[in-house]
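Observations on the model geometry
Here are the chains, one letter per residue:
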Amino acid sequence: MNQDELKEAFDQQATGYEERQMKLAPVYEGIYFQLQWVFSGLPDNARILCVGSGVGTEISYLAKRFPNWRFIAVEPSGGMLDICRKRAEQEGFSSRCVFHEGYLDSLSGLEPCDGATCLMVSQFFLDKEDRVSFFQSIAKSLKPGGILVSSDLSEMVGSNEYSTLINLWAKMLHGSNVSSDTVDKIHSAWLKDVAILPPEEIKHLIHRGGFELAVQTYQACLVRAWVARRL
Ligand SMILES: C[S@@+](CC[C@H](N)C(=O)[O-])C[C@H]1O[C@@H](n2cnc3c(N)ncnc32)[C@H](O)[C@@H]1O
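Thresholds, definitions, all that
- Residues numbered from 1 in each chain as written.
- Predicted model: local features only at pLDDT ≥ 70, side-chain atom pairs only at ≥ 80, totals over all residues.
- Heavy atoms only, no water.
- Salt bridge = Lys/Arg side-chain N within 4 Å of Asp/Glu carboxyl O.
- Helix = DSSP H or I, 4+ residues; strand = E, 2+ residues; numbered from the N terminus.
- Buried < 20%, exposed > 50% of the residue type's maximum accessible area, 1.4 Å probe, protein only.
- Polar contact = N/O pair within 3.5 Å; in protein donor to acceptor, adjacent residues only side chain to side chain.
- Contact = heavy atoms within 4.5 Å.
- Domains from an automatic or database assignment.
- Buried area = accessible area lost by both parts, 1.4 Å probe.
- 1 Å grid on protein atoms, 1.4 Å probe; cavity = no way out; pocket = protein on both sides within 12 Å on 5 of 7 lines; lining within 4 Å.
- Points joined across faces, edges and corners; volume = space filled by probe spheres on them.

Regarding the pattern of salt bridges
Counted according to the given criterion, the structure contains 12 salt bridges. Across the pair R87 and E18 runs a salt bridge whose closest N-O atoms are separated by 2.9 Å. Here the residue R87 occupies a position in helix 5 (residues 78-91), and E18 occupies one in helix 2 (residues 17-22), the gap between them amounting to 69 residues. Under the relative-accessibility criterion, R87 is labelled buried at 15%. Overall, E18 belongs to the partly exposed group, its relative accessible area being 28%. Residues E155 and R224 are paired through a salt bridge, measuring 2.8 Å at the closest nitrogen-oxygen approach. Of this pair, E155 sits in the loop between strand 5 (142-153) and helix 7 (160-174) while R224 is found in strand 7 (residues 223-229), placing the two residues 69 residues apart along the sequence. There is no split in this pair, since E155 and R224 are both buried. Among the charged side chains, a network of salt bridges with common partners joins E18, K64, R87 and E91.

Written out as C-alpha cells, the structure reads:
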C-alpha cells in the first residue's frame, strides 16, 4: 500500500476503530503502562511527539497522568485525527495538544520534543531504507537524549514462533473457532501491507535512524515495544 492507500484505509477504519481494538486491549495495555514509567523522568513541562497518533489512545493515557505535558499529534488520516481531537475535547486536554493532519515532514516550526511515541506505525514502511528515514525524522524532532517508544508487529516470518503467534492472534481477534482460512487471510494481508521483521532487525533500523541501540521492553503475542534515546 502506498501512503495515500494507507491513509484511505485508516480513514475507512476510523469509526469503530477503538471498539475493535478493545478486543486486543490486554495486548496493548502493557505498552501504555510502561510508557508512563519510561517517560516518568521527563520535565514537568515536557512535550511529547505522537507519530501516528491514531484515535489518541496513547495521548489520552499520558495526558491523564501528566497534567502539564503538551502533545503534538501527527496523523495523516483525517478520520482518525478527528476522533483524536474530539476525544481530547471530551477528556479536557485539547488545549495541551497540537493536531497535525499529515506527516512529520510537513510539520513546520516544531521545537525539539522531550519524548516521542510511534506505536504500530513504522511497520507500514515496507522499504527498510524508508523506515530508517522515518526514524531519522523522529530523531530530528527530539532533543539529544530524548526518548522514543516504538512498537510494531515483530517476529521472524516463517518461523515456528511466527506460525504459533499468528494462530493465537487470529483466535484473539475472531474467537476460538478460527478457520485456517481466516489465519491465511490475515497472513496474506500482512505479507502484502505490513513489514513484520525480527526484533534484532527492527532494533538495528531504529539505531540507524539516529538512536542508541534500542532495548526491547515488551512483548505480547506478535507485538513488541522498544525504548531508545536519541543520539
Ligand atoms: C495501527 S494505527 C496505530 C494508532 C495508534 N498509535 C495506536 O497505537 O492506537 C497506525 C496509525 O499510523 C498512521 N500512519 C501510517 N503511516 C504513517 C506515517 N508515515 N506517519 C505518521 N502516521 C502514520 C495511520 O494513519 C494510523 O492512524
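With respect to the side chain of Q36
Here Q36 shows up in helix 3 (residues 25-38). Given the relative accessible area of 13%, Q36 is considered buried. A polar atom in the side chain of Q36 sits 3.4 Å from the side chain of R65. The contacts of Q36, once residues within four sequence positions are left out, are Y61, L62, R65 and F66.

Some words on the domain arrangement of the chain
For the chain, the assigned domains are domain 1 (3-154 + 197-229) and domain 2 (155-194). Taking the mean C-alpha position of each, domain 1 and domain 2 sit 24 Å from one another. Domain 1 puts 17 residues into the contact, and the matching count from domain 2 is 13 residues. Taken over both partners, the interface formed by domain 1 and domain 2 buries close to 1300 Å², and the fraction arising from carbon and sulfur atoms is 76%.

Details of the layout of surface pockets
Taken as a whole, the second largest pocket encloses approximately 150 Å³ of empty space. Considering the residues around the second largest pocket, the lining is formed by A14, G16, Y17, E18, E19, V55, I83, K86, R87, Q90 and E91. Only helix 2 and helix 5 provide two or more residues apiece to the lining of the second largest pocket. Per element, the largest residue contribution to the lining of the second largest pocket is five residues, and it comes from helix 5.

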